[in-house]
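The residues making up each chain are set out below.
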Amino acid sequence: MNAAQLWVLFVSGFAVVLLVTPLFMALAHHVGLVDHPAHRKIHKQPVAYLGGPAIFVSLFTVMAVFFLLNLDQFSDNNQSHFPYKNFVVLMAASLMALWGLADDIYHL
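Residues numbered from 1 in each chain as written. Predicted model: local features only at pLDDT ≥ 70, side-chain atom pairs only at ≥ 80, totals over all residues. Heavy atoms only, no water.

Quick word on the side chain of H43
Moving on, step 1. Relative to the assigned elements, H43 resides in the loop between β1 (34-35) and β2 (47-48).
Moving on, step 2. There is a polar contact of 3.2 Å between the side chain of H43 and the backbone oxygen of D35.
Moving on, step 3. With sequence-adjacent residues up to four places away left out, H43 is seen in contact with D35, H36 and P37. (Helix = DSSP H or I, 4+ residues; strand = E, 2+ residues; numbered from the N terminus. Polar contact = N/O pair within 3.5 Å; in protein donor to acceptor, adjacent residues only side chain to side chain. Contact = heavy atoms within 4.5 Å.)

Structure representation (structure tokens):
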């Protein structure tokens, strides 16, 4: 991956996060997934959860677009057409996002 592709990846990921985060914030407020102020917290008004899922959706979207457009030749040693390393990263991110979402909902 060359420097130009890395910049495109960074800028597109940043743009997707900027677009998706307000949507997830609104969804969190709509369904009541907010952290309310308390004596041990410093915020004065409810703060929306779901920041982690917003970042995960952005990561997944950008990686999927790059894979579908084949912008990086996402193969291991140019011998495979399936991006195993990227698949592992997405699976690990998926598990972390699901755990974070469960924590947001059930206060684990």
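With respect to unusual backbone geometry
Moving on, step 1. If you check the backbone angles, L50 has positive phi at about 80° while not being a glycine.
Moving on, step 2. Position of L50 among the secondary structure elements: in the loop between β2 and α2 (51-69).

Brief notes about the packing of helix α1 (residues 3-31) against α2
Moving on, step 1. Running from N to C, α1 and α2 cross one another at 140°; their axes reach a closest spacing of 8 Å. Regarding the angle of α1 to α2, the classification is oblique. Along this stretch, α1 crosses α2, giving a crossing that reads as right-handed. From α1, Q5, V8, L9, S12, G13, V16, V17, V20, T21 and F24 reach across to α2, where they touch P53, A54, V57, S58, T61, V62 and F66.
Moving on, step 2. A breakdown of the residues in the contact of α1 with α2 according to their chemical character gives 11 nonpolar, 6 polar and no charged. (Axes fitted to C-alpha atoms, helices over the stretch in contact; angles between N-to-C directions. Parallel < 35°, antiparallel > 145°, perpendicular 65-115°, else oblique. Left-handed = near helix turned anticlockwise from the far one by under 90°. Nonpolar A, V, L, I, M, F, W, Y, C, P; charged D, E, K, R; others polar.)

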